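One letter stands for each residue in the lines below.
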Amino acid sequence: MKAEEFHKMFVPLRGRLLQQALRLSAHDADSAEDLVQETLLRLWELRDDLSKHPNVEALASIILRNKWNDHWRRSLYTLNDEQLLRRLQDRTADPPDDMEFIDIIVSHLPPLQQQIFRMKEIEGYEKEEIMLVTGCSDESLRQNLSRARRRIKEQFIKMRGL
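Residues numbered from 1 in each chain as written. Predicted model: local features only at pLDDT ≥ 70, side-chain atom pairs only at ≥ 80, totals over all residues. Heavy atoms only, no water.

**Student:** I tried to follow the packing of helix 5 (residues 98-107) against helix 6 (residues 111-122) on my own but got confused; where do I start?
**Tutor:** For any two helices packed against each other, one specifies the inter-axial angle together with the distance between the axes. The contact between helix 5 and helix 6 brings their axes to 9 Å, and the two run at 140°. Taken together, the axis directions place helix 5 and helix 6 in an arrangement best described as oblique. In this structure, helix 5 uses Asp103, Val106 and Ser107 to contact helix 6, whose residues at the interface are Gln114, Phe117 and Arg118. In the contact of helix 5 with helix 6, the residues fall into two nonpolar, two polar and two charged. (Axes fitted to C-alpha atoms, helices over the stretch in contact; angles between N-to-C directions. Helix = DSSP H or I, 4+ residues; strand = E, 2+ residues; numbered from the N terminus. Parallel < 35°, antiparallel > 145°, perpendicular 65-115°, else oblique. Contact = heavy atoms within 4.5 Å. Nonpolar A, V, L, I, M, F, W, Y, C, P; charged D, E, K, R; others polar.)

If you want it as structure tokens, here you go:
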């Protein structure tokens, strides 16, 4: 499919997609626009197969909803400064130490990353033992551990202002 054909097919759908995105994102115009753009990019990647699809409008709607679900899930695991400080204040009246920061950040990792990080870094399990318990492959274990460490580092630096 050429760009002109794609443009003719999806420019009329853009308004409906934007309305759907606004409903999903609680009327946050920037988030809705981002969702529509990501949806159109995904449709562009699929452009060669779109002529075979019986209902491209439904496909666009499904892709938009899936993109929103991805953003929503990701937001569940991201702490902002206020949330972290509130959690730390709830725990103790003393100034928080680095381990308390890390503990809270770890508790907001996706479940598999959290389990792998705790087993490897806190409990000291070997990678073979972790692979047996979690059912992960060697590559999956390495990637999840790397992602967990990276997210912890990013959140720690952000929260501590380093």
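**Student:** Quick question: what am I supposed to make of the pattern of salt bridges here?
**Tutor:** Side-chain pairs of opposite charge can arise where the charged atoms are in close proximity. All chains considered together, the criterion is met by eight salt bridges. Here Glu121 ties to Arg149 by a salt bridge, and the two come within 2.2 Å at their closest N and O atoms. Residue Glu121 is located in helix 6, and its partner Arg149 is located in helix 8 (residues 138-160); the two are separated by 28 residues in the primary sequence. Overall, Glu121 belongs to the partly exposed group, its relative accessible area being 37%. On the accessibility criterion, Arg149 (40% relative accessible area) is partly exposed. (Salt bridge = Lys/Arg side-chain N within 4 Å of Asp/Glu carboxyl O. Buried < 20%, exposed > 50% of the residue type's maximum accessible area, 1.4 Å probe, protein only.)

**Student:** Mind showing me how you'd approach the packing of helix 5 against helix 8 here?
**Tutor:** At a minimum axis distance of 10 Å, the contact between helix 5 and helix 8 shows a crossing angle of 130°. Classed by the angle they form, the pair helix 5 and helix 8 counts as oblique. Handedness of the helix 5/helix 8 crossing: right-handed. Contact with helix 5, carried on its side by Asp98, Phe101, Ile102, Ile105 and Val106, involves Arg151, Ile152, Gln155, Phe156, Met159 and Arg160 of helix 8 and no other residues of that element. (Left-handed = near helix turned anticlockwise from the far one by under 90°.)

**Student:** How do you make sense of the nonpolar core when you look at a structure like this?
**Tutor:** One broad trend across soluble globular proteins is that nonpolar side chains are buried collectively. Ranked by size, the top nonpolar core spans 16 residues in total, and within it Phe10, Leu43 and Leu50 carry the most contacts. Membership of the second largest hydrophobic core comes to 15 residues, among which are Ile105, Val106, Met119 and Leu141. (Core = buried A, V, L, I, M, F, W, Y, C linked by side-chain atoms within 4.5 Å.)

**Student:** Help me understand the environment of Val11 in this model?
**Tutor:** With respect to the element layout, Val11 can be found in helix 1 (residues 3-24). Of the residues examined, Val11 reaches a relative accessible area of 41% and is grouped as partly exposed.

**Student:** I would appreciate a short explanation of helix 1 in the present structure.
**Tutor:** For the α-helix, the turn length of 3.6 residues means that residues three or four positions removed from each other point alike. Of all the bends in helix 1, the largest measures some 40° and sits at Arg14. Turning to helix 1, its buried residues number three or more, namely Phe6, Phe10, Leu13, Leu17, Gln20 and Ala21. In the segment just after helix 1, Ala26 is the residue with positive phi, at about 55°. (Bend = angle between axes of the 7 residues up to and from the residue.)

**Student:** Honestly, the environment of Arg147 in this entry has me stumped. Any pointers?
**Tutor:** By the secondary structure assignment, Arg147 is in helix 8. Using a relative accessible area of 40% as the deciding quantity, one classes Arg147 as partly exposed.

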